[in-house]
Amino acid sequence: MQSPGQKPRIAEIAGVGLAGLATATAFAHQGWQVRVHERSKDLREIGAGIYLFENTLNALEELGVYDKVRNRASLRR
Ligand SMILES: Cc1cc2nc3c(=O)[nH]c(=O)nc-3n(C[C@H](O)[C@H](O)[C@H](O)COP(=O)(O)OP(=O)(O)OC[C@H]3O[C@@H](n4cnc5c(N)ncnc54)[C@H](O)[C@@H]3O)c2cc1C
């Protein structure tokens, strides 16, 4: 976390995939100034669904987006 009067730390992140966006969010929550770079012009929209296991759910909770994701998800047990 950034202390008062401290210069913001800067993170340059390559890629707006799940990894890049999660990393960017985590850094931003810690007070970093974040810039995400994407080399592709278009977003890829191919996929059937995303299966999330416990470690991922913990990460989403840590990022503060668990409830948002949970409310839009379907549960499979
Ligand atoms: C056809 C297909 C279907 C899939 N379907 C599913 C599915 O249904 N469910 C599922 O859970 N997973 C699916 N996956 C897997 C899923 O896409 C990956 O697990 C996930 O996207 C990985 O996230 P990532 O952030 O690591 O990488 P990516 O999503 O690949 O994101 C990396 C990004 O970084 C960018 N990049 C790379 N190098 C640079 C650079 N030097 N500078 C700037 N930008 C850069 C790339 O353009 C890309 O946008 C599928 C994959 C493919 C290929």
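Rules used throughout
Residues numbered from 1 in each chain as written. Predicted model: local features only at pLDDT ≥ 70, side-chain atom pairs only at ≥ 80, totals over all residues. Heavy atoms only, no water. Near = heavy atom within 4 Å. Polar contact = N/O pair within 3.5 Å; in protein donor to acceptor, adjacent residues only side chain to side chain. Areas by Shrake-Rupley, 256 points an atom, 1.4 Å probe, with all protein chains shown as cover. Patch = residues over 30% accessible without salt bridge, like charges linked within 9 Å, V, L, I, M, F, W, Y side chains within 5 Å. Salt bridge = Lys/Arg side-chain N within 4 Å of Asp/Glu carboxyl O. Helix = DSSP H or I, 4+ residues; strand = E, 2+ residues; numbered from the N terminus. Buried < 20%, exposed > 50% of the residue type's maximum accessible area, 1.4 Å probe, protein only. Pairing = 2+ DSSP bridges. Right-handed = clockwise from strand over helix to strand, strands pointing away. 1 Å grid on protein atoms, 1.4 Å probe; cavity = no way out; pocket = protein on both sides within 12 Å on 5 of 7 lines; lining within 4 Å. Points joined across faces, edges and corners; volume = space filled by probe spheres on them. Nonpolar A, V, L, I, M, F, W, Y, C, P; charged D, E, K, R; others polar.

Asker: Before we move on, could you go through the site of the ligand and cite the residues and values that matter?
Answerer: Around the ligand sit 15 residues, and of these Ala19, Glu38, Arg44, Ala48 and Gly49 come closest. Separating an oxygen atom of the ligand from a side-chain N or O atom of glutamate 38 is a distance of 2.6 Å. Serine 40 has a polar side-chain atom sitting 3.2 Å from an oxygen atom of the ligand. Starting from 1,000 Å² of accessible surface for the ligand in isolation, the protein chains cover 50%.

Asker: Report on a nonpolar patch on the surface, specifying residues and quantitative values.
Answerer: On the surface, a cluster of nonpolar side chains totalling about 380 Å² of accessible area is made up of Leu18, Ile50, Leu52 and Val69. Relative to the helices and strands, leucine 18 resides in helix H1 (residues 18–29). Given the relative accessible area of 66%, leucine 18 is considered exposed.

Asker: Would you mind going over the pattern of salt bridges in detail, with residue names and values included?
Answerer: Summed over the entire model, instances satisfying the criterion amount to one salt bridge. Across the salt bridge formed by glutamate 12 and arginine 35, the nearest N and O atoms sit 3.0 Å from each other. Of the two residues, glutamate 12 is situated in strand E1 (residues 10–14) and arginine 35 in strand E2 (residues 33–37); the sequence distance between them amounts to 23 residues. On the basis of relative accessibility, which here comes to 43%, the residue glutamate 12 falls in the partly exposed class. According to the relative accessible area criterion, arginine 35 is partly exposed, its value standing at 49%.

Asker: Lay out the pairing of E1 in plain terms, naming residues and giving numbers.
Answerer: The alternating pattern of E1 places Ala11 and Ile13 on a buried face, while none of Ile10, Glu12 and Ala14, on the opposite face, is buried. When E1 meets E2, the two strands line up parallel, connected through five bridges. Its bridge partner being in E2, isoleucine 10 is matched across the sheet by glutamine 33. Handedness of the crossover joining E1 and E2 through H1 is recorded here as right-handed.

Asker: Go over the layout of surface pockets with me, naming the residues and quoting the values.
Answerer: Taken as a whole, the largest pocket encloses approximately 1,000 Å³ of empty space. Around the largest pocket sit 27 residues that line it, and Ile50, Tyr51, Leu52, Leu60 and Val69 are the ones nearest its centre. If you list the elements that add at least two residues to the lining of the largest pocket, you get H1, helix H2 (54–63) and helix H3 (66–71). Of the residues forming the lining of the largest pocket, the biggest block, five residues, is contributed by H2. Residue classes in the lining of the largest pocket are distributed as 18 nonpolar, five polar and four charged. The calculated volume of the second largest pocket comes to roughly 270 Å³. Lining the second largest pocket, in full, are Val16, Gly17, Glu38, Ser40, Asp42, Leu43, Arg44 and Ile46.

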